[in-house]
Amino acid sequence: MKELFTYDERLGIDIPDLNLEWDEYTKGEQQQILVHWENIRGSIPDRIKELETTINRKQNQLSDESDFASSCQLNSEIADLASIINDLWLWYRANQGVSEKMHN
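Each value, and the rule that gives it
- Residues numbered from 1 in each chain as written.
- Predicted model: local features only at pLDDT ≥ 70, side-chain atom pairs only at ≥ 80, totals over all residues.
- Heavy atoms only, no water.
- Helix = DSSP H or I, 4+ residues; strand = E, 2+ residues; numbered from the N terminus.
- Buried < 20%, exposed > 50% of the residue type's maximum accessible area, 1.4 Å probe, protein only.
- Contact = heavy atoms within 4.5 Å.
- Areas by Shrake-Rupley, 256 points an atom, 1.4 Å probe, with all protein chains shown as cover.
- Pairing = 2+ DSSP bridges.
- Core = buried A, V, L, I, M, F, W, Y, C linked by side-chain atoms within 4.5 Å.
- Axes fitted to C-alpha atoms, helices over the stretch in contact; angles between N-to-C directions.
- Parallel < 35°, antiparallel > 145°, perpendicular 65-115°, else oblique.
- Left-handed = near helix turned anticlockwise from the far one by under 90°.
- Expected span 1.5 Å × (residues − 1).
- Bend = angle between axes of the 7 residues up to and from the residue.
- Polar contact = N/O pair within 3.5 Å; in protein donor to acceptor, adjacent residues only side chain to side chain.
- Phe/Tyr/Trp six-rings, centres within 6.5 Å; stacked < 30°, edge-to-face > 60°.
- Lys NZ or Arg CZ within 6 Å of the ring centre and 35° of its normal.

**Q** A description of the overall build of the protein chain should follow, citing residues and the corresponding values.
**A** Each helix and strand in the protein chain was counted, giving 3 helices and 2 strands. Buried residues in the protein chain amount to 29% of all 104 residues. Within the protein chain, residue pairs in contact and separated by at least 24 positions form 57% of the contacts whose partners lie at least 6 positions apart. Counting only carbon and sulfur atoms, one obtains 48% of the accessible surface of the protein chain, whose full area is about 6,800 Å².

**Q** Could you give an account of the pairing of strand β1 (residues 5–8), naming the residues involved and the relevant values?
**A** For β1 and strand β2 (residues 13–16), the ladder comprises 4 bridges, and the chain directions are antiparallel. Counterpart to F5 in the pairing with β2 is P16. Counted along the chain from β1 to the antiparallel partner β2, the turn is 4 residues long, and its residue G12 has a positive phi close to 80 degrees.

**Q** Which residues make up the nonpolar core, and what are the values?
**A** Formed by 19 residues in total, the largest nonpolar core has its most connected members in F5, L11, I13, I44, L51, I84 and L88. Sorting the residues of this core by element identifies β2, α1 (27–64) and α2 (68–94) as the ones contributing at least two each. Broken down by element, this core gets its largest block of residues, 7 residues, from α1. If we skip the residues at most four places from it in the chain, I44 touches I13, W37, L88, W91 and Y92.

**Q** Describe the packing of α1 against α2, with residues and values.
**A** Where α1 contacts α2, the axes come no closer than 9 Å and their chain directions differ by 160 degrees. With respect to each other, α1 and α2 are oriented roughly antiparallel. α1 and α2 meet at a crossing whose hand is left-handed.

**Q** I'd like a rundown of α1, residues and numbers included.
**A** Compared with an ideal rise of 1.5 Å per residue, which puts 38 residues at 56 Å, α1 spans 56 Å between its outermost C-alpha atoms and is within 8% of the ideal. Remark: the principal bend of α1, roughly 30 degrees, maps to I44, with a proline, P45, within the next four residues.

**Q** Account for the side chain of K58, with residues named and values stated.
**A** Relative to the assigned elements, K58 resides in helix α1. On the basis of relative accessibility, which here comes to 14%, the residue K58 falls in the buried class. There is a polar contact of 2.5 Å between the side chain of K58 and the side chain of E77. Residues contacting K58, with those up to four places away along its chain left out, are L74, E77, I78 and L81.

**Q** If you had to explain the packing of aromatic side chains to someone new, which residues and values would you point to?
**A** Following the criterion strictly, the structure yields 3 aromatic pairs and no others. Between W22 and Y25, the aromatic rings sit 6.3 Å apart at their centres with planes inclined by 55 degrees, giving tilted as the arrangement. Judged by relative accessible area, which is 21%, W22 ranks as partly exposed. Here W37 and W91 contribute two aromatic rings whose centre-to-centre distance is 5.9 Å and whose plane-to-plane angle is 55 degrees, an arrangement assigned as tilted. With W37 in helix α1 and W91 in helix α2, this pair connects stretches of sequence that are 54 residues apart. Residue classification places W91 among the partly exposed positions, given a relative accessible area of 26%. Directly above the ring of Y92 sits R41, whose terminal nitrogen or CZ lies 4.1 Å from the centroid.

In structure tokens:
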């Protein structure tokens with residue numbers, strides 16, 4: 001099943017990398033794909049919490065930072081982490097329909 005998913009270094013999760021149209025997979029393959037995705041999808045909120053913890057730590061550093069260049073770097077890192085969180089939520093929500101297919 002791993003061959004149908006690719007690890008996204010930035011997001012920290014596997015994402016679907018399907019080479020065929022959905023209907024070209026057998027019902028058994030579809031079921032395996034859906035179960036695997038549902039496991040990944042279930043881990044997304046925990047991944048987001050990890051990133052939020054890192055953001056909070058960086059914001060605390062930022063409040064104590066007096067060096068302008070360091071402040072800019074921290075702001076950039078916080079923005080990058082926020083962007084990752086946004087993308088994770090998109091994956092989480094955009095693929096809710098996938099889990100509904102599991103139960104049909």
